Amino acid sequence: MSKIFPDAKDYKTITTKISNDLRKRIEAQTGHELLPGQRDQFQHFEMTGDKGTVIGYIIAASQKGEFGAVEFVVGLDTTFMIQDLYVQRARERDQSFKNRDFLDLFKGKPLKSWNTFEALYTGKKTPGTTAVMQGLVKEFVAFKELVLKNSVKE
């Protein structure tokens, strides 16, 4: 988390329950089912600065790849723009999805443009690139529905 927010002094873990109706709404928007372990709750972190003010948000995401989970971390600033993201762990044979060329496609993009993420990458799709793109979409729709709700900040 400090890779994305080096000025953070602390963080707060926030876990939100997902109702069946909300899960169905998230799945309808993303076009993908939530994975086991993601269907009941959504977790994110509020990163805080010197005076305890929120300086950003972290989502530790996991999405199914070809050879297991692809785990990555994404940070949003307080205007809900992607600050940065990095792959934390994956067992995929093709590791090209870890390249900065791919990951940097998403930096600076607003959360509200989640439905354009899969179109940003025009290279060869691999299980790893697909996992990251689907994971970003899923996490951002969940964040929008559960955290921002009807906020105009979105």
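Above this text you will find the structure in question.
Notes on the structure in this doc start here. Predicted model, so just to flag it, every value in this text is computed and none were measured.

### A closer look at helix 1 (residues 20–30)
- Listing the buried residues of helix 1 in full gives Leu22, Arg23, Ile26, Glu27 and Thr30. One side of helix 1 holds all its buried residues, which, seen down the axis, span an arc of 135°. Facing away from the buried side of helix 1 by over 90 degrees, the exposed positions are Asn20, Asp21 and Ala28.
- In this structure, the buried side of helix 1 is in contact with helix 4 (127–148).
- Backbone geometry just downstream of helix 1 places Gly31 in the positive-phi region, at approximately 80°.

### Overview of the nonpolar core
- Counting 36 residues, the largest nonpolar core has Leu136, Phe140 and Phe143 as the members making the most contacts within it.
- Listing elements by their share of this core, those giving two or more residues are helix 1, strand 3 (54–64), strand 4 (69–76), strand 5 (82–89), helix 2 (100–103) and helix 4.
- In terms of residue count, helix 4 provides more of this core than any other element does, 11 residues in total.
- For Phe140, the residues in contact, after removing those within four places along its chain, are Ile59, Val74, Leu76, Ile82, Leu111, Trp114 and Phe117.
- Phe5, Met47, Ile58 and Tyr86 belong to the second-largest nonpolar core, a separate cluster that totals 7 residues.

### So, the pairing of strand 4
- Of all 8 residues in strand 4, 6 are buried; the element is thus mostly enclosed.
- With 8 bridges joining them, strand 3 and strand 4 adopt antiparallel strand pairing. When the sheet's bridge partners are listed, Ala61 is paired in strand 4 with Phe72.
- Here strand 3 folds back onto strand 4, and the loop between the two strands holds 4 residues, one of which, Gly68, carries a positive phi near 125°.
- Across 6 bridges, strand 4 lies against strand 5 in antiparallel orientation. Paired with Leu76 across the bridge in strand 5 is Ile82.
- Remark: 5 residues form the turn of the hairpin made by strand 4 and strand 5, two consecutive strands paired antiparallel; Phe80 in that turn has positive phi of roughly 65°.

Conventions and cut-offs
- Residues numbered from 1 in each chain as written.
- Predicted model: local features only at pLDDT ≥ 70, side-chain atom pairs only at ≥ 80, totals over all residues.
- Heavy atoms only, no water.
- Buried < 20%, exposed > 50% of the residue type's maximum accessible area, 1.4 Å probe, protein only.
- Helix = DSSP H or I, 4+ residues; strand = E, 2+ residues; numbered from the N terminus.
- Arc of directions from axis to C-beta.
- Contact = heavy atoms within 4.5 Å.
- Core = buried A, V, L, I, M, F, W, Y, C linked by side-chain atoms within 4.5 Å.
- Pairing = 2+ DSSP bridges.

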